[in-house]
Amino acid sequence: MIRIDYTNVMAEVIGERDGILREELLSFRHFVVETHSIIQREKDRKFYFCKLPYQDTQEIKDYAQHIRENFEYFVLIGIGGSSLGAKMLFESLTDLNYNLKNSPKFFALENVDPAVFASVLEQIDIKKTCFNVVTKSGSTVETIANFSIILSMLKKELGDKYKEHLVFTTDPEKGFLRKLGNQEGIKMFDIPPKVGGRFSVLSPVGLLPAAVVGIDIDELLSGAKKMDLICSIEEHVEHNPAYLIALTHYIANMRRGKTISVMMPYAEKLSSFVDWYRQLWAESLGKDGLGQTPVKAIGTIDQHSQIQLYREGIRDKIITFIQIEETEEDFKIPEDLPEDISYLSGHSLHEILNKELLGTKAALIKSKVPNITISMDKLSAYNIGMMIYMYELATGFSGYLYKINPFDQPAVEEGKNFTYALMGRKGYEEKLEEFKELYKEKYKIEIQ
Ligand code: PA5
């Protein structure tokens, strides 16, 4: 179960300067109905990610079982939409000490930071490792660079058996990785061509790693299906969670100047859920001079770091709190505390966490900072499935509000193209000339 409480974004609570009027929300009725029917029609095309919850997962589960039985380590090689979703599922839905107690242990190679590469290598035994290389384009520099080093190590260590240590998740037809996989007979999973990287967590991109670490991927998809059902039936913004998230953020941004969307879970396991959300919101909506900057904060830690700014700094934020109501483990504070701190006697850590959230919300209401609370009864695959689908649909719907295409990322491609040029890739000679024209290091200071 998830509950969305948007009381504290409403003008009747925080005033009209910062809050949204109910009439204002409802005034989008015709827009919502029209966009809703476009989305339903587009589920075979632009909104293909809406179909992912209905896929057959048997092959993924079978292969994940094979990996579980044959390997002690599982390393995901990918970046951006090809890694953030899988990491989010791993960190949200497994034990914080998963790698200390379970096999296969999970690692990710995303960056081309040699220190991280060395650290992962130190923690695995390559002869007992399955590497899942994930890239839709099949050509992203970081992924291909990391993979190339691993490939040569595997060949050196294992000879022809290296193939058994690889599984590719990539476009069904295009790209270098698909070509290599076909040539070498490597096990591959498809990324549906109509699903962009940041919308792909519910495809084999996220589902294979999730199944390898023992997450119930059918439960995850059940949650997503439930959200799809609600969002397909409900055209009314007050009953459709995805449209509600999108519209409250859009009005807050475009009419109340809230250019920053803070997501602040009161559960550290959801830290990478926010990383996943940051990419979804930023890369999808940051176009044509528009979009909200997504920011991560963690409760209660950032109460002691960011809340001063959120309350009394520039009034440019809307905050989404995420709360987990039930927890598997909790710790009680002893009854026999000294008088000065006796107010804590007999209370539990989880209780304090939730009371601190309430206290923070009250302080924000007092400062008229709009805030939404999403509560989950527990941190489960089903609830995370609902959350994923809700945020993906909210992002797609927001594209219509901002009148931009939420499914492309031209500004990301540009950076990738300059990198190819700098690395001497064939066909990028003109790009290199453009780089030389653009890039100057004229004003510098150096201290020895
Ligand atoms: O969402 C996106 O499209 C990007 O973040 C990509 O996922 C990222 O750049 C990695 O691309 P690829 O999967 O092609 O390696």
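Quantities reported herein were computed from a predicted structural model and do not represent experimental measurements. (Residues numbered from 1 in each chain as written. Predicted model: local features only at pLDDT ≥ 70, side-chain atom pairs only at ≥ 80, totals over all residues. Heavy atoms only, no water.)

S.K.: Looking at this model, I keep getting lost on the environment of Gly 359. Mind explaining?
M.R.: In this fold, Gly 359 is placed in helix H15 (residues 349–366). Taking the C-alpha atoms as reference, Gly 359 lies 17 Å from Val 262; in sequence the two are 97 residues apart. (Helix = DSSP H or I, 4+ residues; strand = E, 2+ residues; numbered from the N terminus.)

S.K.: Could you clarify how one ought to interpret the environment of Gln 279 in this entry?
M.R.: Here Gln 279 lies in helix H13 (residues 271–285). Gln 279 sits 194 residues away from Gly 85 along the chain, and the two C-alpha atoms are 9.9 Å apart.

S.K.: In this structure, what is going on with unusual backbone geometry? I would like to understand it.
M.R.: Most peptide bonds adopt trans geometry, and most residues besides glycine take a negative phi value. Residue Ser 103 is joined to Pro 104 through a cis peptide bond whose omega torsion reads -5°. Structurally, Pro 104 can be placed in the loop between helix H6 (98–101) and strand E3 (105–109). Backbone torsion omega between Gly 299 and Thr 300 reads 0°, so that peptide bond is classified as cis. Along the chain, Thr 300 turns up in the loop between strand E8 (293–296) and helix H14 (307–312). In the Ramachandran plot, Asp 288 falls in the positive-phi region, its phi being about 55° despite a non-glycine side chain. Mapping Asp 288 onto the fold places it in the loop between H13 and E8. On the basis of relative accessibility, which here comes to 67%, the residue Asp 288 falls in the exposed class. Of note in this structure, Lys 403 is not a glycine but carries a positive phi near 55°. (Buried < 20%, exposed > 50% of the residue type's maximum accessible area, 1.4 Å probe, protein only.)

S.K.: I tried to follow the site of the ligand on my own but got confused; where do I start?
M.R.: Inspection of the region around the ligand gives 14 residues, with Ser 82, Thr 135, Ser 137, Thr 140 and Gln 279 positioned closest. In the environment of the ligand, an oxygen atom lies 2.8 Å from a nitrogen or oxygen atom belonging to the backbone of Lys 136. In this structure, an oxygen atom belonging to the ligand sits 2.5 Å away from a side-chain N or O atom of Thr 140. When the ligand sits alone it has 380 Å² of accessible area, and the protein chains cover 91% of it. Of the residues assigned to the shell around the ligand, the class counts are one nonpolar, nine polar and four charged. (Near = heavy atom within 4 Å. Polar contact = N/O pair within 3.5 Å; in protein donor to acceptor, adjacent residues only side chain to side chain. Areas by Shrake-Rupley, 256 points an atom, 1.4 Å probe, with all protein chains shown as cover. Nonpolar A, V, L, I, M, F, W, Y, C, P; charged D, E, K, R; others polar.)

S.K.: Can you walk me through the packing of aromatic side chains in this structure?
M.R.: Geometry of an aromatic ring pair is reported as the spacing of the ring centres plus the angle between the planes. Taken as a whole and assessed by the stated rule, the structure comprises 25 aromatic pairs. Ring geometry for Tyr 243 and Phe 397: centres 4.3 Å apart, planes at 20°, overall stacked. Pair noted here: Tyr 243 is in helix H12 (residues 241–256) and Phe 397 is in helix H16 (residues 381–402), with a separation of 154 residues, a long-range link. Exposure remark for Tyr 243: the relative accessible area of 0% places this residue in the buried category. We classify Phe 397 as buried; its relative accessible area is 0%. An aromatic cluster of at least three residues, connected via ring pairs, comprises Phe 28, Phe 31, Tyr 243, Tyr 250, Phe 397 and Tyr 402. Here Lys 155 stacks its cationic end above the ring of Tyr 162, 5.2 Å away from the centre of that ring. (Phe/Tyr/Trp six-rings, centres within 6.5 Å; stacked < 30°, edge-to-face > 60°. Lys NZ or Arg CZ within 6 Å of the ring centre and 35° of its normal.)

S.K.: Explain the domain arrangement of the protein chain here, please?
M.R.: Interface size is commonly expressed as the accessible area that is lost once the parts come together. Under the domain assignment, the protein chain is made up of domain 1 (2–28 + 237–402) and domain 2 (50–218). Here the C-alpha centre of domain 2 lies 31 Å away from the C-alpha centre of domain 1. Listed per partner, the contact involves 20 residues of domain 1 and 22 residues of domain 2. Buried area between domain 1 and domain 2, both sides added, is near 1,700 Å², and the carbon and sulfur share of it is 66%. At the junction of domain 1 with domain 2, the criterion picks out one salt bridge. Residue Glu 283 is joined to Arg 198 by a salt bridge in which the shortest nitrogen-to-oxygen separation is 3.0 Å. Taken together, the connections running from domain 1 to domain 2 amount to five residue pairs in polar contact (both at pLDDT 80 or more). Within the residue set of the side of domain 1 that touches domain 2, elements represented by two or more residues are H13 and H16. Of all the elements, H13 adds the most residues to the side of domain 1 that touches domain 2, at eight residues. Partitioned by chemical class, the residues of the side of domain 1 that touches domain 2 number ten nonpolar, five polar and five charged. (Domains from an automatic or database assignment. Contact = heavy atoms within 4.5 Å. Buried area = accessible area lost by both parts, 1.4 Å probe. Salt bridge = Lys/Arg side-chain N within 4 Å of Asp/Glu carboxyl O.)

S.K.: Can you walk me through the side chain of Gln 323 in this structure?
M.R.: With respect to the secondary-structure elements, Gln 323 resides in strand E9 (residues 317–324). When neighbours within four sequence positions are excluded, Gln 323 is seen to be in contact with Asn 354, Leu 357, Thr 373, Ile 374, Ser 375 and Met 376.

S.K.: Just to check I follow, could you spell out the pairing of E9 for this structure?
M.R.: Regular strands show a simple pattern: their side chains alternate between the two faces of the sheet. The element E9 is extensively covered by neighbouring structure, given that eight of its eight residues are classed as buried. A two-sided burial pattern is seen for E9, the buried positions comprising Lys 317, Ile 319, Phe 321 and Gln 323 on one face and Ile 318, Thr 320, Ile 322 and Ile 324 on the other. Two elements, E9 and strand E10 (residues 371–376), share six bridges in a ladder whose sense is parallel. For Ile 319, the partnering residue across the bridge sits in E10 and is Asn 371. The parallel pair E9 and E10 is bridged by H15, and the resulting crossover is right-handed. (Pairing = 2+ DSSP bridges. Right-handed = clockwise from strand over helix to strand, strands pointing away.)

S.K.: In this structure, what is going on with the nonpolar core? I would like to understand it.
M.R.: Within soluble globular proteins, side chains that are nonpolar generally end up buried alongside one another. Leu 89, Phe 273, Ile 384, Ile 388 and Tyr 391 are the most contacted members of the largest nonpolar core, which has 92 residues in total. Considering every element that reaches this core, the biggest residue donor is H16, with 14 residues. Residue-level mapping places this core at the junction of two domains, with at least three residues from each of domain 1 (2–28 + 237–402) and domain 2 (50–218). Residue contacts for Tyr 391: discarding those within four places in its chain leaves Ile 245, Met 263, Phe 273, Trp 276, Tyr 277, Leu 280, Thr 320 and Ile 374. (Core = buried A, V, L, I, M, F, W, Y, C linked by side-chain atoms within 4.5 Å.)

S.K.: Where do I start with the sheet that holds strand E7 (residues 260–265) in this structure?
M.R.: Sheet strands associate in pairs through backbone hydrogen bonding, adopting either a parallel or an antiparallel arrangement. Ordered in space as E1-E10-E9-E7-E8, the five strands form an open sheet in which the pairing is mixed. The open sheet terminates on both sides in strands that have one partner only, identified here as strand E1 (2–5) and E8. Put simply, the sheet's adjacent strands are angled 20° from each other on average, direction ignored. One ladder, built from six bridges, connects E7 with E9; its direction is parallel. Bridging across to E9, Met 263 finds its partner in Thr 320. Docked against the sheet, H16 engages E1, E7, E9 and E10, running at close to 145° with respect to E10. (Axes fitted to C-alpha atoms, helices over the stretch in contact; angles between N-to-C directions.)

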